[in-house]
Amino acid sequence: MSGARTACVMACVAASWFLSGCQEREGPVWESAPPGAGKATIDSATAAVNATREPGVLGSVQAAPVAGWSGPGGRAFEVDLRTASSETGPSRKFGTITLPIALRNHAASLSQYPCTSCHAGRAIVMTEKRIGDAHQNIKPVHPKQTGAECATCHAAENVAQLALVNGKRATMDESYRLCGQCHFSQVNAWAGGGHGKRLDGWQGRRIVMACTDCHDPHDPAVKPRIPFRAPQILRTRRPDDEH
Amino acid sequence: MEHLKPFLLNGFRAATTGGRRYHVWMGSLTAIMLVGAYAYWQQFQYGLGVTGMSDHVSWGLYISNFTFLVGLAAAAMMLVMPAYVLEDVDFGKAVLIAEGVAVGALLMCLAFVVVDIGNPLAGWHLMPVIGHLNWPRSLLAWDVLVLNGYLALNLLIPAYILYHHYTGRAPEKRKYLPWIYLAVMWAVSIHLVTAFLLAGLPARPFWNTALLGPRFLASAFTAGPAFVIVLLWFVRKETNYPISDGAFSKLALITTVAAQINLVMLLSELFFEFYWPTHHGISAKYLFFGIGSHRKLVPWIWTAISLNVLATGSLMIHPLRRNPKFLMPACVTLFVAIWIEKGMGLVIPGFIPSPLGEIVEYTPSWVELCVTAGIWAMGLFVLTALVRVALPIELGEVRSPLLDLDPGKRIVRPRTTRPRYEDVRPVRTR
Amino acid sequence: MSTERDGAPPAPGGKNTVLQKSVDRRAALSLLLGGAVAGAQALGACAPVSAETDEEKELKLLAWREYIKGNYRYMTEEERAETIARLERLAKLKRGLDVTIQDTGPQPGVLYGYAFNISRCKGFRSCVEACINENNLDRRAATQYIRIFEMRDGEVDLELGDATFQREVPAEGHFYLGTQCFQCDDPPCTRVCPVGATWREEDGIVVIDYDWCIGCRYCMAACPYWARRFNWSEPDVPAQDVNPNQHYLGNRARKKGVVEKCHFCIHRTRQGRLPACAEACPTGARVFGNLLDPDSEIRWVLANKKVFRLKEDLKTEPKFWYFSD
């Protein structure tokens with residue numbers, strides 16, 4: 001029961017964020033403990049060591065670790081750390097990891113996570129018509145562009161996993177493995193640092209997010225918006241002038 | 001040095017006494033200075049936002065005038081060299097007046113710099129020991145040193161000579177001549193430094209040309225002697241101080257030649273910018289032809305060029321140059337033309353468009369106009385006062401009263417080999 | 001006074017008239033009281049006027065000490081600590097703000113570099129907004145360190161760009177390119193400053209000592225990238241919007257008549273954080289890091305992407321590169 005309650009609270013928080021894309025200036029803000037938060041907190045150095053030794057080890061670290069800082073954007077936040085997978089994963093050299101990258105735990109931000117709460121482990125029929133029944137928030141823009149069907153990317157036998165072209169399966173946290181099948185140059189740039197954002201500072205261990213933390217997988221393009229105000233040229237003014 | 005106090009007191013008295021026209025002149029200048037002071041007070045209180053300057057056009061009327069006036073100050077030295085070094089008879093009498101012009105112009109330059117900086121109370125930061133002067137890397141630091149040095153030279157050398165005349169002694173050549181040599185070279189350097197200040201900025205292709213320094217010198221030696229000619233004509237008319245025709249003709253010749261060189265340089269610039277227009281010439285395009293709807297400076301520059309050509313052309317005709325009825329208006333016209341071309345026509349286009357291509361035009365505000373007028377009035381005030389003090393001493397009308405207490409002391413004639421002016425030319429006592 | 005009660009009339013004139021005047025008790029009391037009041041007033045008038053409160057006196061003293069201080073670059077550690085304490089105290093006295101002004105020096109082995117992805121920038125100007133909030137920029141003059149240019153596809157000439165767009169972005173057929181101070185390695189601005197109020201720090205940031213600047217604006221004329229801004233009037237930031245985490249060479253309160261510019265959020269970057277613009281960008285178009293760290297993102301971008309800088313022919317060596325996907 002507490003798990004469901006946690007998931008419901010998470011849904012409220014994460015739904016708004018997931019739908020609006022990653023537009024916060026600071027890192028993700030967790031209103032309550034993320035899933036798996038019962039685990040012991042380890043420091044970033046230990047996590048780094050663990051990450052290189054055992055792929056997929058979870059721990060949580062404090063990001064933005066500036067002691068005594070208390071100002072705009074200075075909140076420390078927790079991220080679950082994972083290593084990037086070594087299989088068709090992001091790397092400096094093809095196929096091997098040379099720098100551990102800490103990924104944000106994405107799965108828990110899905111609005112209707114965990115999938116097994118509805119899809120109790122059995123295979124489902126995935127047609128576009130059926131999407132509207134339960135996933136009204138999905139607009140299949142990208143599938144239409146690519147000619148993909150639901151089964152192209154989602155594993156029919158276990159909807160909590162993603163289906164790769166070579167038949168293997170990836171978790172929801174490893175969206176880069178799926179997206180990288182086509183968008184390999186973006187994923188390469190993401191691994192090196194030329195694509196996407198960092199969650200902490202510029203120093204030390206990189207804490208990044210996977211593709212679907214910024215891009216809605218079904219409608220990935222960045223939406224247009226009205227920009228912040230244009231520059232103005234003000235001259236001949238006195239302190240009491242309005243502009 | 002016991003004559004110093006009467007020297008200063010006499011000087012003060014000479015500067016403050018005069019006929020009705022003198023007082024009207026000085027009074028009007030004072031009134032303009034007070035208006036300028038009020039305008040500056042507004043600027044001091046509210047910041048430079050009350051001017052027409054912006055982040056795009058960050059230098060305006062003040063630095064335009066500064067640039068022009070440095071040239072005016074430098075040109076005074078054109079007279080000094082022939083007068084003291086070559087002992088030219090014609091220039092001998094006129095040189096102190098020219099040095100008065102230099103002092104007035106320099107004080108105006110310093111005043112324009114002070115009103116232009118945003119934090120004038122921090123001006124002491126420029127001083128070498130108590131502040132930090134970024135010399136030799138910053139051209140502005142060079143400018144601070146050379147302008148103040150030049151001011152000191154132009155105050156102390158004439159003071160030395162006047163003081164000696166005042167006390168009935170001859171100034172010693174070996175004492176002041178080396179400083180004269182230094183001052184002549186210094187004059188060229190102050191204007192070159194100001195030119196390099198602008199020319200050394202690769203961010204501003206309109207100024208970043210090797211020709212800027214020579215153009216500055218040419219236009220300085222046009223406008224400077226032109227001003228001195230008009231001033232000497234006034235002196236000749238209003239006082240009985242002898243200015244020879246030779247002084248006028250020589251100065252007019254210098255002005256004319258310099259004006260011709262200036263026009264040749266202008267032609268060179270026009271060819272360079274417009275034969276094959278590039279990116280870097282866009283500021284020149286703005287100045288001469290405008291960019292789109294931005295055309296504020298176009299009428300100004302063409303007026304300046306027309307006046308320049310007209311004045312230079314008329315000065316090139318010998319009979320016209322020799323006739324004061326044509327010479328004086330031509331000099332005034334030339335002065336105004338150079339003021340426009342070298343002031344607003346040089347400094348403002350350097351900022352338009354900005355280094356990122358944005359066009360923001362500039363119009364001086366009333367504050368700037370009043371402060372500028374006030375500073376010009378101050379310069380003319382100082383010049384008038386200095387001339388008013390110097391002339392009677394040079395004419396021998398004023399001597400130290402202390403001299404009379406010692407009747408045994410002979411009033412010595414100046415020990416020079418040059419002939420006395422009165423033996424060579426008749427004195428005009430109109 | 002009257003001596004009628006005594007009966008004997010006073011002798012006319014002379015000291016006797018004064019010294020031997022006799023007064024009755026009522027008159028004496030009124031005389032005494034009147035004298036006391038008059039005397040107190042006289043004393044009060046003679047005493048030094050201390051209408052100033054202690055706070056005002058302290059304010060004046062602090063302002064004077066701030067006025068006579070020297071160039072920050074050449075101050076001793078002690079003088080720096082003193083001026084920072086004074087500035088924090090002045091902020092408290094003048095506006096009631098509690099600010100922390102750092103004087104963190106450059107980290108060894110660090111040289112900051114910045115890369116801007118012109119394919120990713122959509123012209124949202126989130127960076128501009130973040131910069132204004134983070135760096136206490138003048139709200140009245142609407143100062144902006146960052147300028148985003150809308151460029152037509154196919155043209156890279158910045159002079160043809162338009163920074164005044166105010167409509168839905170990204171616009172079809174256009175791309176976006178942002179400028180700010182590029183923290184040149186050979187900056188023309190630091191060379192021309194007559195008082196040495198601006199200099200390049202060891203970690204590459206070009207900084208300004210606002211209290212030493214005289215406001216001559218020569219650096220603004222010298223900058224080829226139009227990076228510097230001048231305070232044409234007293235800057236105004238509402239007290240609730242002031243960012244209290246400040247750095248002496250960065251986002252502390254400036255005054256009218258001095259120059260300011262982007263300083264790569266020196267109060268953040270020297271603590272290991274990203275500048276506000278890089279953190280705020282929603283599309284991840286901004287990459288920031290240490291050029292001397294071979295594993296940094298900025299080095300990856302320089303090694304793997306086609307990068308260019310603005311006005312490279314001027315040899316200013318800006319540390320801000322542009323690249324595209």
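Residues numbered from 1 in each chain as written. Chains lettered and ligands numbered in written order. Predicted model: local features only at pLDDT ≥ 70, side-chain atom pairs only at ≥ 80, totals over all residues.

### Brief notes about the overall build of chain C
Rules: What counts as a helix is a DSSP run of H or I of at least four residues, what counts as a strand is a run of E of at least two, and both are numbered from the N terminus. Here the C-beta atoms are placed from the backbone, and a residue counts as buried if at least 20 other C-beta atoms lie within 10 Å of its own, exposed if 12 or fewer do, and partly exposed otherwise. In this description, a residue-residue contact is defined by the distance between C-beta atoms placed from the backbone, which must lie within 7 Å.
Within chain C, the secondary structure is distributed over 10 helices and 12 strands. Looking at chain C as a whole, 47% of its 325 residues are labelled buried. Long-range pairs, those at least 24 residues apart, make up 63% of the contacts in chain C between residues at least 6 apart in sequence.

### Describing the overall build of chain A
The number of helices and strands found in chain A is eight helices and six strands. For chain A, the succession of helices and strands along the chain, N to C, is α-α-β-β-β-α-α-α-β-β-α-α-β-α. Every one of the 243 residues in chain A was classed for burial, and the buried ones make up 30%. The long-range fraction of contacts in chain A, counting pairs at least 24 apart against all pairs at least 6 apart in sequence, stands at 57%.

### Focus: the domain arrangement of chain C
Residue and element names in this part refer to chain C. Put simply, the rule is: An automatic or database domain assignment supplies the start and end points of every domain. In the scheme used here, Gly and all other residues not listed as nonpolar or charged are polar, with Ala, Val, Leu, Ile, Met, Phe, Trp, Tyr, Cys and Pro taken as nonpolar and Asp, Glu, Lys and Arg as charged.
Structurally, chain C comprises domain 1 (54–98) and domain 2 (112–323). With 12 residues of domain 1 at the interface, the matching set in domain 2 holds 11 residues. Here the side of domain 1 that touches domain 2 gets four residues from one element, more than from any other, and that element is helix α4 (residues 77–95). Partitioned by chemical class, the residues of the side of domain 1 that touches domain 2 number five nonpolar, two polar and five charged.

### Section: the confidence of the model for chain A
All names here are of chain A. What counts here: Values of pLDDT, ranging from 0 to 100, describe the predictor's confidence in every residue of the model.
For chain A, per-residue confidence averages 61 on the pLDDT scale, and 42% of positions sit at 70 or higher. Within chain A, the lowest mean pLDDT, 38, falls on strand β1 (residues 60–63), and the highest, 88, falls on helix α4 (residues 141–146). Within the model, the stretch residues 15–100 combines pLDDT values under 50 with 144 contacts to residues more than four positions away or in other chains. Confidence drops under pLDDT 50 across residues 235–243; counting only partners more than four residues distant or on other chains, this segment forms 17 contacts.

### Some points on the packing of helix α3 (residues 61–75) of chain B against helix α7 (residues 173–199) of chain B
Residues and elements named next belong to chain B. Our working rule: Helix axes are fitted to C-alpha atoms over the stretch in contact, other axes to C-alpha atoms as well, and angles between N-to-C directions run from 0 to 180 degrees. Note that the term roughly parallel is reserved for angles under 35 degrees, roughly antiparallel for angles over 145, roughly perpendicular for angles of 65 to 115, and oblique for everything else. Helix crossings are classified by the rotation of the near helix relative to the far one: an anticlockwise turn of less than a right angle makes the crossing left-handed, while a clockwise turn makes it right-handed.
Interhelical geometry of α3 versus α7 gives an angle of 165 degrees and a closest axis separation of 8 Å. Between α3 and α7, the crossing angle belongs to the class labelled roughly antiparallel. When you trace α3 past α7, the crossing you get is left-handed. Contact with α3, carried on its side by Thr-67, Val-70, Gly-71, Ala-73 and Ala-74, involves Ala-187, Val-188, Ile-190, His-191 and Thr-194 of α7 and no other residues of that element. A class-by-class count of the residues in the contact of α3 with α7 yields six nonpolar, four polar and no charged.

### A word on the sheet that holds strand β12 (residues 320–323) of chain C
All names here are of chain C. Our working definition: By definition, two strands form a pair when at least two bridges between them are found by DSSP.
Pairing is mixed across the open sheet formed by four strands, whose spatial order is β10-β2-β12-β11. Of all strands in the sheet, those bounded by a partner on one side alone are β10 (286–290) and β11 (307–308). In this structure, β11 lies alongside β12, joined through two bridges in antiparallel fashion. Directly across from Phe-308, in β12, lies its bridge partner Tyr-322. On top of the sheet, helix α10 (residues 297–304) reaches β2 (112–117), β10, β11 and β12; it is set at about 110 degrees to β10, its chief contact.

### What about α4 of chain C?
Each turn of an α-helix holds 3.6 residues, which means side chains three or four residues apart point in the same direction. Residue and element names in this part refer to chain C. Quick note on the threshold: Each residue after the first adds 1.5 Å to the expected span of a helix. In this context, the arc is that of the directions from the helix axis out to the C-beta atoms.
In this model, α4 (19 residues) spans 27 Å end to end at C-alpha, consistent with the 27 Å of a helix rising 1.5 Å per residue. All of the buried residues in α4 are Thr-83, Ile-84 and Ala-91. With its buried residues spanning 100 degrees around the axis, α4 presents them on a single face. Exposed side of α4, more than 90 degrees from the buried face: Glu-78, Ala-81, Ala-85 and Lys-92 are the residues found there. Check the buried side of α4 and you find it contacts α3 (54–68) and β1 (100–102).

### Notes on the nonpolar core
Our working rule: As used here, a nonpolar core is made of buried Ala, Val, Leu, Ile, Met, Phe, Trp, Tyr and Cys residues. They are joined through C-beta atoms within 7 Å.
The biggest cluster of nonpolar side chains holds 215 residues, and the ones touching the most others in it are Ala-73, Val-101 and Cys-109 of chain B. Looking at this core, the element that brings in the most residues is helix α5 (residues 89–116) of chain B, giving 18 residues. Each of domain 1 (54–98) and domain 2 (112–323) of chain C gives at least three residues to this core. Membership of the second largest hydrophobic core comes to 18 residues, among which are Leu-178, Trp-190, Leu-199 and Ala-210 of chain A.

### Here we look at the pairing of β2 of chain C
All names here are of chain C. Within β2, six of the six residues are buried, leaving the element largely enclosed by the surrounding structure. Here β2 shows no split at all, with Tyr-112, Tyr-114 and Phe-116 on one side and Gly-113, Ala-115 and Asn-117 on the other all buried. Sheet topology places β2 next to β10; five bridges connect them, and they run antiparallel. When the sheet's bridge partners are listed, Tyr-114 is paired in β10 with Phe-288. As paired strands, β2 and β12 are joined by four bridges and run parallel to one another. Along β12, the bridge assignment pairs Tyr-114 with Phe-320.

### Brief notes about the interface of chain B and chain C
On the chain C side, the residues contacting the 34 residues of chain B number 39 residues. Of the residues forming the side of chain B that touches chain C, the biggest block, four residues, is contributed by helix α6 (residues 139–166) of chain B. Here the residues of the side of chain B that touches chain C sort into 17 nonpolar, 13 polar and four charged.

### Section: the packing of α3 of chain B against helix α8 (residues 212–238) of chain B
All names here are of chain B. At their nearest, the axes of α3 and α8 sit 7 Å apart, and the two run at 70 degrees to each other. For the element pair α3 / α8, the angle class is roughly perpendicular. Two packed elements cross with a definite hand, and for α3 against α8 that hand is right-handed. Counted together, Gly-71, Leu-72, Ala-74 and Ala-75 of α3 and Phe-216, Ser-219, Ala-220, Phe-221, Ala-223, Gly-224, Pro-225 and Phe-227 of α8 form the full contact between these two elements. When grouped by side-chain class, the residues that make up the contact of α3 with α8 number nine nonpolar, three polar and no charged.

### Notes on α10 of chain C
Those residues of α10 of chain C that sit buried are Glu-297, Ile-298, Arg-299, Trp-300 and Val-301 of chain C. For α10 of chain C, the elements touching its buried residues are α7 (184–192) of chain A together with β2, β10, β11 and β12 of chain C.

### Remarks on the environment of Asn-71 of chain C
All names here are of chain C. Mapped onto the fold, Asn-71 is located in the loop between α3 and α4. Looking at Asn-71, the number of C-beta atoms within 10 Å reads 16, which means it is partly exposed. C-alpha separation for the pair Asn-71 and Arg-268, spaced 197 residues apart in sequence, amounts to 23 Å.

### Let's talk about the confidence of the model for chain C
Residues and elements named next belong to chain C. Summing up the model confidence of chain C, the mean pLDDT is 89 and the portion of residues at 70 or higher is 89%. Mean pLDDT per element in chain C: helix α1 (residues 14–19) is the minimum at 54, and strand β6 (residues 206–208) is the maximum at 98. Scored below 50 in pLDDT, residues 1–8 makes 10 contacts in the model with residues more than four places away or belonging to other chains. Scored as a whole, the predicted complex attains pTM 0.82, and scored at its interfaces, ipTM 0.89.

### A word on unusual backbone geometry
A cis geometry characterises the amide bond from Trp-135 of chain B onward to Pro-136 of chain B, with omega recorded as 5 degrees. The topology assignment puts Pro-136 of chain B in the loop between α5 and α6. Cis geometry is found at the peptide bond from Val-169 of chain C to Pro-170 of chain C, where omega equals 0 degrees. Within the secondary structure, Pro-170 of chain C is located in the loop between β3 (147–152) and β4 (174–179). With a phi angle near 50 degrees, Lys-311 of chain C is a residue other than glycine that sits in the positive phi range. Relative to the helices and strands, Lys-311 of chain C resides in the loop between β11 and β12.

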